[in-house]
Amino acid sequence: MLHLQSTTSDRWLQQVDSALPDILIDHAHCEKKAAGTALNLIFAYVEDVELCREMTLIVNEELEHFHMVLKLLEKRGIRFRRLKPSSYGRRLNDLVRTGEPHRAVDRLLVAGLIEARSCERFHVLAEYVNDPELAEFYHSLFESEARHHTTYTRLARHFANDEEVMARLDGGRNTGAGRRFCPDA
Ligand SMILES: [Fe+2]
Ligand SMILES: [Fe+2]
């Protein structure tokens, strides 16, 4: 259960072939940002031992994914470069409430929704791309991003009861439309 309000549109998929280098660069940024998000949560909630333990696993996995995408870019002769940030992450982060424990709940749920969108997008990309290496790559990442989503929504329950977490998740869902692989890059 990914708690997403929408699925990736056909329109988004139709631009994949012509925009593949940008999508791969964007994907690399997403993995880097995912590692940063998990590391920031360690700094913010250092008293929560389970959260810290889970975040170290996610930091390591996301950095490993980042490394894998960088290798793929290099192999395909695509130069990794900065991209202008999209507004997706900012718009989601604007929903984060101030004051604890609400802030913790929202930060974890926003991180979880971004993981969910990545997961959904890997699934559709694995089915869509006509490139066995890429299809296998996306397929291999799908499972870990789904697990990260589950981890974040579970950890949000350290800061609010189940009912509050589910209500917040249903109220703060985001479609994540956009041209990029991951609208958060
Ligand atoms: Fe990842
Ligand atoms: Fe992830």
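Everything numeric here is computed off the predicted structure, so don't read it as measured data. (Residues numbered from 1 in each chain as written. Chains lettered and ligands numbered in written order. Predicted model: local features only at pLDDT ≥ 70, side-chain atom pairs only at ≥ 80, totals over all residues. Heavy atoms only, no water.)

### Some remarks on the packing of aromatic side chains
Overall, the coordinates contain 4 aromatic pairs when judged by the stated rule. Considering the side-chain rings of Phe 66 and Phe 80, the 5.9 Å spacing of their centres and the 65° angle between planes classify their relative orientation as edge-to-face. Here the residue Phe 66 occupies a position in helix α3 (residues 49–75), and Phe 80 occupies one in the loop between α3 and α4 (88–93), the gap between them amounting to 14 residues. Look at Phe 122 and Tyr 138: their rings are 5.8 Å apart centre to centre, the planes differ by 25°, and that puts the pair in the stacked class. With a gap of 16 residues between them, Phe 122 in helix α5 (residues 102–128) and Tyr 138 in helix α6 (residues 132–156) connect regions that are remote in the sequence. These aromatic residues form a ring-pair network of at least three members: Phe 122, Phe 137 and Tyr 138. (Phe/Tyr/Trp six-rings, centres within 6.5 Å; stacked < 30°, edge-to-face > 60°. Helix = DSSP H or I, 4+ residues; strand = E, 2+ residues; numbered from the N terminus.)

### Examining the coordination of the iron ion (ligand 2)
Distances from the iron ion (ligand 2) to its protein donors, Glu 62 (OE), Glu 115 (OE), Glu 115 (OE), Glu 145 (OE) and His 148 (ND1), fall at 1.8 to 2.6 Å. Every donor residue of the iron ion (ligand 2) comes from the same chain, spaced as E-x52-E-x29-E-x2-H. (Donors = N, O, S within 2.8 Å, 3.2 Å for Na, K, Ca; no water.)

### So, the pattern of salt bridges
Considering all chains together, one arrives at 12 salt bridges under this definition. One salt bridge in this structure joins Arg 154 and Glu 54, with 2.9 Å as the shortest N-O distance. In this pair, Arg 154 is assigned in helix α6 and Glu 54 in helix α3, connecting sequence segments 100 residues apart. Arg 154 sits in the partly exposed class, given a relative accessible area of 34%. Under the relative-accessibility criterion, Glu 54 is labelled buried at 18%. A salt bridge links Asp 106 to Arg 168; the nearest nitrogen and oxygen atoms lie 2.9 Å apart. One end of the pair, Asp 106, is in helix α5; the other, Arg 168, is in helix α7 (residues 162–171), with 62 residues separating them in the sequence. Relative accessible area serves as the criterion here: at 3%, Asp 106 is assigned to the buried category. (Salt bridge = Lys/Arg side-chain N within 4 Å of Asp/Glu carboxyl O. Buried < 20%, exposed > 50% of the residue type's maximum accessible area, 1.4 Å probe, protein only.)

### Comments concerning the coordination of the iron ion (ligand 1)
Looking at the iron ion (ligand 1), the protein donor atoms are Glu 31 (OE), Glu 62 (OE), His 65 (ND1) and Glu 145 (OE), and they sit 1.9 to 2.2 Å from it. Considering all 4 donor atoms around the iron ion (ligand 1), the spread of angles at the metal, 88 to 137°, places the coordination shape in the irregular class. Each donor residue of the iron ion (ligand 1) lies on the same chain, and together they follow the pattern E-x30-E-x2-H-x79-E. The metal-metal distance between the iron ion (ligand 1) and the iron ion (ligand 2) is 3.5 Å, with Glu 62 coordinating both. Pair noted here: Glu 62 is in helix α3 and Glu 145 is in helix α6, with a separation of 83 residues, a long-range link. When sorted by exposure, Glu 62 lands in the same class as Glu 145, which is buried. (Tetrahedral: all angles 85-135°; square planar, octahedral: opposite > 155°, others 65-115°.)

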